[in-house]
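Letter by letter, the chains look like this.
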Amino acid sequence: MSTLYEEVRPSGGADDAVPVRRVELTVNGERRAADVEPRLLLAHLLRNGFRLTGTHTGCDTTNCGACTVLYDGVPVKSCTMFAVQADGHEVLTVEGLATASELHPIQEGFKDEHGLQCGFCTPGMMLAAKALLEENPNPSEDEIRWALSGNLCRCTGYQNIVKAVMWAAEKLGGSADDAGDDAGGES
């Protein structure tokens, strides 16, 4: 049986074999399965096993938030979660936000409000923002900053990221406090 990371296991006798476990999970709406070692992190399954490279790993300590995904709708840091913990659950990565023909409003907001620079933190920020807006469609600036506080950005200074989330809230139907004085129609 072929497993993820098989090439890094030392070859030896049967006593040296690392056990594997079959996991089945829904990723971005699609049912997926893989045979994984119990120690494999969810971030590595997503990036290397399923080739969903939008999930970034920056610190491996849950400090930076670049690996944030939605696990049953809740933001989690996938760099310190085992893939076997996701067995039977739903995971959403940044690749699952957009449809084939259009960006998700959060992605549009990051583009239109210049909420990204290098882009490394962006997927995690977007997923944290999505979870916030699903729970609170009309967050204040302080609520947005709190929801994103587990995600670090070393480039933007956060102001445009906050504006991007406010833009998305407005587009999704919330009014987002301090979103501006746009007296007109839709964007």
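Residues numbered from 1 in each chain as written. Predicted model: local features only at pLDDT ≥ 70, side-chain atom pairs only at ≥ 80, totals over all residues. Heavy atoms only, no water.

S.K.: Residue-level account of the overall build of the protein chain, with values.
M.R.: Looking only at helices and strands, one finds five helices and five strands in the protein chain. Ordering the α and β elements of the protein chain from the N terminus gives β-β-α-β-β-β-α-α-α-α. Burial status across the protein chain gives 43% buried among its 187 residues. Taking the contacts inside the protein chain whose residues are at least 6 apart along the sequence as the reference set, 56% of them involve residues at least 24 apart. (Helix = DSSP H or I, 4+ residues; strand = E, 2+ residues; numbered from the N terminus. Buried < 20%, exposed > 50% of the residue type's maximum accessible area, 1.4 Å probe, protein only. Contact = heavy atoms within 4.5 Å.)

S.K.: If you had to explain the packing of helix H2 (residues 105–112) against helix H3 (residues 122–135) to someone new, which residues and values would you point to?
M.R.: Axis separation between H2 and H3 bottoms out at 10 Å; the angle between their running directions is 125°. For the element pair H2 / H3, the angle class is oblique. The chirality of how H2 crosses H3 is right-handed. Within the contact between the two elements, H2 uses Ile106, Gln107 and Phe110 and H3 uses Thr122, Met125, Met126, Ala129, Lys130 and Leu133. Across the contact of H2 with H3, the residue classes break down as six nonpolar, two polar and one charged. (Axes fitted to C-alpha atoms, helices over the stretch in contact; angles between N-to-C directions. Parallel < 35°, antiparallel > 145°, perpendicular 65-115°, else oblique. Left-handed = near helix turned anticlockwise from the far one by under 90°. Nonpolar A, V, L, I, M, F, W, Y, C, P; charged D, E, K, R; others polar.)

S.K.: Can you break down the pairing of strand E3 (residues 68–71) residue by residue, with the values?
M.R.: Alternating positions in E3 separate into two faces, Thr68 and Leu70 on one and Val69 and Tyr71 on the other, with burial throughout. Where E3 meets strand E4 (residues 74–77), four bridges bridge the pair, whose relative direction is antiparallel. Following the sheet pairing, Leu70 is matched in E4 by Pro75. Once E3 ends, the chain turns through two residues before running back antiparallel as E4, passing Asp72 with a positive phi of about 55°. Summarising the sheet, E3 and strand E5 (residues 90–92) pair through two bridges and their orientation is antiparallel. Bridged to Leu70 within E5 is Leu92. (Pairing = 2+ DSSP bridges.)

S.K.: Residues and numbers for the packing of H2 against helix H5 (residues 159–171), please.
M.R.: Orientation of H2 relative to H5, taken along the N-to-C sense of each, is 135°, at an axis distance of 8 Å. It follows that H2 is oblique to H5 by the angle criterion. Like other packed secondary-structure pairs, H2 and H5 cross with a definite hand, here right-handed. Residues Pro105, Ile106, Glu108, Gly109, Phe110 and Asp112 of H2 form the contact with H5, whose own contacting residues are Ile161, Ala164, Val165, Trp167, Ala168 and Lys171.

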